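Structure at a glance
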Amino acid sequence: MKIKILIIEDERLAANQLQRMLNALSVDFELAAVIDSKKEAILKIPSLDLDLIFMDIHLADGKSFDIFSAIKVNTPVIFTTAYDKYSLQAFKHFSIDYLLKPIDPEELQNAVNKFLHYFNPSQQELQLQKLLSHIQAEPDFKNRFLIKIGSRLKSVESRNIVYFYAKEKVNYLCTNEGRNLPLDISLKELETQLDPSHFFRVNRKYIVNRSAIEDLVYLSPTRLMVALRPATKDDVIVAGERISAFKQWLS
């Protein structure tokens, strides 16, 4: 089956790169058009015969979500963006996936596979609505962080983060590989964005992932030390007023 696609992207290099990545997949694509603005998209989409749309969120003339307010879009959409804060909003617009730039080839393949799995002219909308209902029913916790390292951006999934910590007025995350990367989010903000079934703030300096806890040591009846993996340079002590909640969280 030849899949007719539309790319909505205002950066020509990004559009060309996406085309090359799609051509590298073992799927027969036909490019209907490349559109670089929401104004042009509103004019052209109704007249195009499409199977799938790749849509950037931030366009030169505004957010692409405005397209859905102006016209009815029945074609499944895979959003592409450098921002992870629009994921829930994106899934309200007939979206089947949400890819962060720079796009990972494996994630692109998974997104296309998801499209192929759900693409059935007679049942497509019903199946996608079931998917959307499932996604929207889940709490909107942050599942990845976009970290700036010099002039580059690195995407780190929450499941690969073992703990967050503050040191000398700078906040960091530590990956399961032992990499320490700076964050521009406060620990207080993180508390509301992380899944509490996986992360717990043990004191004012540390938020830990349950999977990173290697050992617990009572230093006294009111002092509990948490040994983490990878190991930290300083002792991580559970704040006295948090010990009861921490033990309940572990159980």
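It should be emphasised that the depicted structure is a prediction, and the values quoted were computed from it without experimental measurement.

Assigned secondary structure in the protein chain consists of 8 helices and 17 strands. Residue pairs in contact within the protein chain that sit at least 24 positions apart in sequence constitute 52% of those at least 6 positions apart.

For helix H5 (residues 105–118), with 14 residues, the first-to-last C-alpha span of 20 Å sits near the 20 Å given by 1.5 Å per residue. Its side-chain oxygen placed 2.9 Å from the backbone nitrogen of Glu-106, Asp-104 serves as the N-cap of H5.

Here we take up the environment of Lys-39. On the secondary structure map, Lys-39 appears in helix H2 (residues 38–44). Take Lys-39: its relative accessible area is 61%, and that puts it in the exposed class. As for Lys-39 and Asp-66, which are separated by 27 residues in sequence, their C-alpha atoms are 9.4 Å apart.

With that settled, consider the pattern of salt bridges. This structure, assessed with the given rule, holds 12 salt bridges. The shortest N-O distance in the salt bridge between Lys-101 and Glu-9 comes to 2.8 Å. In this pair, Lys-101 sits in the loop between strand S7 (95–100) and H5 while Glu-9 sits in the loop between strand S1 (3–8) and helix H1 (12–23), placing the two residues 92 residues apart along the sequence. The pair formed by Lys-101 and Glu-9 is uniform in burial state, with each residue classed as buried. A salt bridge links Arg-144 to Glu-157, with the nearest nitrogen and oxygen atoms 4.0 Å apart. Of the two residues, Arg-144 sits in strand S8 (residues 144–149) while Glu-157 sits in strand S9 (residues 152–157), which places them 13 residues apart along the sequence. As far as the burial class goes, Arg-144 and Glu-157 line up, both buried. What you see here is one network of salt bridges that share partners, running through Glu-107, Arg-144, Glu-157 and Arg-159.

Parameters and conventions
Residues numbered from 1 in each chain as written. Predicted model: local features only at pLDDT ≥ 70, side-chain atom pairs only at ≥ 80, totals over all residues. Heavy atoms only, no water. Helix = DSSP H or I, 4+ residues; strand = E, 2+ residues; numbered from the N terminus. Contact = heavy atoms within 4.5 Å. Expected span 1.5 Å × (residues − 1). Polar contact = N/O pair within 3.5 Å; in protein donor to acceptor, adjacent residues only side chain to side chain. Buried < 20%, exposed > 50% of the residue type's maximum accessible area, 1.4 Å probe, protein only. Salt bridge = Lys/Arg side-chain N within 4 Å of Asp/Glu carboxyl O.

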